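# Remarks on the overall topology
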Amino acid sequence: MNKINVIRARGGRPTRANTESLGQAIIKAAEALFLEKGFSNASVEAIAGMAGTSKQTIYARFGSKEGLFIAVSNALLQGRFHLTDSSGGSLREALNDVAVQSLSAMLDPKMVRLYCILTAEAARFPELAEMTDQDEMFPGRALIQTLLSDGAASGEIQCDDPHKAMLLLQDMIISRPLRAASLGLASMTAADMQQWAAYVVDHFLDGVLSVNARSQSKSSRP
């Protein structure tokens, strides 16, 4: 087991740089052991030893082993989601961008491995499963919901429940590709992701517009 070196100040309170360095070392060690051993078999003691710190420090920073797993996932997803200039103000293109970013993030081999760990151990660790299903766990959720809310506000689409619609779209984007990747059935190239994202977003928006048209037609009947 390789030990991750952390520079410590001599005496006194740790500097901000040292504090951040230790936090990164803990997450790096936790990532390595979670990916290798899974959630249940990666002990906090072993993570602390690799990071060059104590179990008490890890609990003080992350609250629990589950909290540390969440921190590892957050670190892997950090900086992956943003709106690009290519959307040109179009809701369809903006959703395409976020859909591609979601696929790129979740099909990263490390995220696929964490997903496999989660699904395998969720029954034994229900708190972990519940924590990973929170909206704040997946930055793409907030971005999709904002786009749908803005689209509804501008009249481009009708959407009474942007949160529910966001969850539906997210599942349409990710579920099949992530399942295939986790089972080793298929992998996606960048071009595959672009094509799948466009296909899903087109069907989602066309479905929303179709449902709205039918609803308006019914409401206008005498």
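Whatever comes next refers back to the structure up there.
A short tour of the structure in this document, coming up.

## Section: the overall build of the protein
Looking only at helices and strands, the protein has ten helices and zero strands in total. Element order for the protein, N to C, with α for helix and β for strand: α-α-α-α-α-α-α-α-α-α. Within the protein, the fraction of its 222 residues that count as buried is 40%. In the protein, once contacts between residues fewer than 6 apart in sequence are set aside, the share between residues at least 24 apart is 70%. With an accessible surface of roughly 12,500 Å², the protein has 52% of that area assigned to carbon and sulfur atoms.

## Side note on the pattern of salt bridges
Oppositely charged side chains can form a pair if their charged atoms are brought close together. Taken as a whole and judged by the stated rule, the model has seven salt bridges. Put simply, Lys110 and Glu31 hold a salt bridge, and the shortest N to O gap is 2.7 Å. Placement of Lys110 in helix H6 (residues 109-121) and of Glu31 in helix H1 (residues 16-37) is noted, with a sequence separation of 79 residues between them. Under the relative-accessibility criterion, Lys110 is labelled partly exposed at 35%. With a relative accessible area of 17%, Glu31 lands in the buried category. Via salt bridges that share partners, Arg92, Asp202 and Asp206 belong to a single interconnected network.

## Digging into the packing of helix H5 (residues 91-106) against helix H8 (residues 139-154)
Direction vectors running N to C along H5 and H8 enclose 170 degrees, while the axes themselves pass 10 Å from each other. On the basis of their axis angle, the class for H5 and H8 is roughly antiparallel. In this structure, H5 contributes Leu91, Ala94, Leu95, Val98 and Gln101 to the contact, and H8 contributes Gly140, Leu143, Ile144, Leu147, Leu148 and Gly151. The residue makeup of the contact of H5 with H8, split by class, is eight nonpolar, three polar and no charged.

## Some words on the nonpolar core
Grouped burial of nonpolar side chains is what soluble globular proteins tend to show. In terms of nonpolar packing, the biggest core is built from 60 residues, with Phe34 and Leu95 touching the most fellow members. At nine residues, the largest contribution of residues to this core is made by H5. Contacts of Leu95, omitting those with residues within four sequence positions, involve Ile144, Leu147, Leu148, Leu169, Val201 and Leu205.

## Here's the deal with the packing of aromatic side chains
For the structure on display, the rule yields six aromatic pairs. Ring geometry for Phe81 against Phe138: centres 5.2 Å apart, planes inclined by 70 degrees, an arrangement best described as edge-to-face. With Phe81 in the loop between helix H4 (65-77) and H5 and Phe138 in the loop between helix H7 (126-132) and H8, this residue pair connects regions lying 57 residues apart in the sequence. Here Phe81 and Phe138 have matching classes, each one buried.

Calculation rules
Residues numbered from 1 in each chain as written. Predicted model: local features only at pLDDT ≥ 70, side-chain atom pairs only at ≥ 80, totals over all residues. Heavy atoms only, no water. Helix = DSSP H or I, 4+ residues; strand = E, 2+ residues; numbered from the N terminus. Buried < 20%, exposed > 50% of the residue type's maximum accessible area, 1.4 Å probe, protein only. Contact = heavy atoms within 4.5 Å. Areas by Shrake-Rupley, 256 points an atom, 1.4 Å probe, with all protein chains shown as cover. Salt bridge = Lys/Arg side-chain N within 4 Å of Asp/Glu carboxyl O. Axes fitted to C-alpha atoms, helices over the stretch in contact; angles between N-to-C directions. Parallel < 35°, antiparallel > 145°, perpendicular 65-115°, else oblique. Nonpolar A, V, L, I, M, F, W, Y, C, P; charged D, E, K, R; others polar. Core = buried A, V, L, I, M, F, W, Y, C linked by side-chain atoms within 4.5 Å. Phe/Tyr/Trp six-rings, centres within 6.5 Å; stacked < 30°, edge-to-face > 60°.

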